Amino acid sequence: MIVISNKKKICIIGLGYIGLPTAAMFATHGHNIVGVDVKKEVVDSLNQGKIIIEEPYLDIMVQAAVTSGNLKAQLTPEEADVFIISVPTPINADKTADMRFVRSATESIVPYLREGNVVILESTSPPGTVEGLMLPILKESGLEIGTQLLVAHSPERVLPGKILVELVENNRIVGGINTASSEAVRDLYRTFVKGEIFLTDATTAEMCKLMENTFRDVNIALANELAKLCEKFGINAWDVIKYSNKHPRVNIHQPGPGVGGHCLAVDPWFIVEKEPELAKIIKLSRTTNDSMPHHVFNRSKTILSEIGGVKKVIILGATYKPNIDDIRESPVMELVELFKQDPNFDVCIYDPHIASHELLCTDLEEAVSGGHLIILGVNHDEFAKINFSKLQPLMAQANIFDTRNFYDRSALIAAGFNSYLLGA
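Residues numbered from 1 in each chain as written. Predicted model: local features only at pLDDT ≥ 70, side-chain atom pairs only at ≥ 80, totals over all residues. Heavy atoms only, no water.

Novice: Describe the sheet that holds strand E11 (residues 373-376), and please don't skip the residues or the numbers.
Specialist: With respect to topology, 5 strands assemble into an open sheet ordered E10-E9-E11-E12-E13, the strand pairing being parallel. Since the sheet does not close on itself, it has two edges, and those belong to strand E10 (345-350) and strand E13 (418-421), each with one partner. Strand-to-strand twist in this sheet, taken as the mean axis angle between neighbours without regard to direction, amounts to 20°. Strands in contact with helix H13 (residues 331-341) are strand E9 (311-316), E10 and E11; relative to E10, the strand with the most contacts, it is inclined by about 150°. (Pairing = 2+ DSSP bridges. Helix = DSSP H or I, 4+ residues; strand = E, 2+ residues; numbered from the N terminus. Axes fitted to C-alpha atoms, helices over the stretch in contact; angles between N-to-C directions. Contact = heavy atoms within 4.5 Å.)

Rendered as structure tokens:
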């Protein structure tokens, strides 16, 4: 039986949006952390106590962890008590899971595994990844799986923008290949997790994470379909949602220009890939949500249909959700590409959370100057403070298309804008 002592040396593979906060959290709770990433820029920044992603208070925690000596970064793994794999699991063009990073991360730790080690997969993965992909690789260590080497899946369940809070407060699932694995990983995460920790098997844990995000994706697809219907019916989908949700057992989500990020826009496809003939509702919901950038694009063309020549369109916000810098799988970026590829449009982005992009404009007044349509793509908090009365005279034609129901339409009209709303 493997006994987990209080202080551990933990090697974390992948220092992205989940791996880095996890590393910092363990380090500030007394563990010795070796963070591994293939990107030298990430490694060098971390060793200087700096971060290259945007997440509230993470910079402070990382600096404290590095200064204490409990956190360092490097390009290759080394021997440790615990190995945590937290690498990306993107999708291929054909909507199948790209498991190259999980495979290579697992292979990279094999030479460093010793009896008594624990291996944890945090990366969101298709059902059966631990059993079917990881275990055959880990067996190459020569260790007996389940006794000499414990293995489990413990998916993150955090919200970007609140990661450090939710790592601590949220409930957590641990799915081990056996009871000993589950209990060892539970005891490790109890270092900082205040929420409940539920134990199950690895494949169930993998499916739980996928279904948590799939549930939301399906509900958003229902809202997006409702938005399209209400546009046809000449009514306001946001009112329908508001009044429908007065029912005690109804909770319709909100429509928008699409669904993005590395979770909702990706995870459902992992289920569809495994059983496409059974996961029909899941696939239809993904298709519906994936259609929304095209829907917004086509409606924008209708709004500007009476204007000749090249029309200038300004996109407010291009990240996949408000108040973060993450553009992974952002539907607004797909919308930008649709405008970019159409010779009838000149498109630019204004987003204070994005550091660089070929179409990024850092001055809002310059961005809207000579413009014909402003599209609110992401409702960042900063955008609530925009003075549209000041922007209106700068535009060739003052049109605004709100895809988030973020603005008071009467105020926009009073500022001299023609106001359009997704779902109305």
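Novice: Before we move on, could you go through the sheet that holds strand E4 (residues 82-85) and cite the residues and values that matter?
Specialist: Strands sit in the order E3-E2-E1-E4-E5-E6-E7-E8 across an open sheet of 8 strands; the sheet is mixed. Looking at which strands have only one partner, the edges of the open sheet turn out to be strand E3 (71-74) and strand E8 (197-201). In this sheet, adjacent strand axes meet at a mean angle of 25° when their direction is disregarded. Here strand E2 (residues 32-36) pairs with E3 via 4 bridges, running parallel.

Novice: Which residues make up the pattern of salt bridges, and what are the values?
Specialist: Counted by the stated rule, this structure contains 17 salt bridges. Linking Glu358 and Lys340 is a salt bridge whose minimum nitrogen-to-oxygen distance equals 2.5 Å. Pair noted here: Glu358 is in the loop between E10 and helix H14 (364-368) and Lys340 is in helix H13, with a separation of 18 residues, a long-range link. Classification of Glu358 as exposed rests on a relative accessible area of 59%. (Salt bridge = Lys/Arg side-chain N within 4 Å of Asp/Glu carboxyl O. Buried < 20%, exposed > 50% of the residue type's maximum accessible area, 1.4 Å probe, protein only.)

Novice: Tell me about a nonpolar patch on the surface, and name the residues and values.
Specialist: Together, Leu229, Phe233 and Ile235 give the surface a local cluster of nonpolar side chains, amounting to about 300 Å² of exposed area. Tracing the chain through its elements places Phe233 in helix H8 (residues 202-233). Taking the relative accessible area as the measure of exposure, Phe233 reaches 59% and is therefore exposed. (Patch = residues over 30% accessible without salt bridge, like charges linked within 9 Å, V, L, I, M, F, W, Y side chains within 5 Å. Areas by Shrake-Rupley, 256 points an atom, 1.4 Å probe, with all protein chains shown as cover.)

Novice: Explain helix H11 (residues 280-290) residue by residue, including any values.
Specialist: Side chains that are three or four residues apart share a direction in an α-helix, a result of its 3.6 residues per turn. Buried residues of H11: Ile282, Ser285, Arg286, Thr288 and Asn289, and no others. Viewed along the axis of H11, the buried residues span an arc of 160°, placing them on a single side of the element. Of the exposed residues in H11, those oriented more than 90 degrees away from the buried face are Lys280 and Leu284. Of the surrounding secondary structure, the elements contacted by the buried residues of H11 are H8, helix H10 (267-274) and helix H12 (292-303). (Arc of directions from axis to C-beta.)

Novice: How would you summarise unusual backbone geometry if you had to cite specific residues and measurements?
Specialist: Despite not being glycine, Asn323 has its phi angle at roughly 65°, a positive value. If you trace the backbone, Asn323 turns up in the loop between E9 and H13. The backbone of Glu329 sits at a positive phi, close to 55°, despite the residue not being glycine. Counting through the fold element by element, Glu329 comes out in the loop between E9 and H13. Here Glu329 falls in the partly exposed class, since its relative accessible area comes to 38%.

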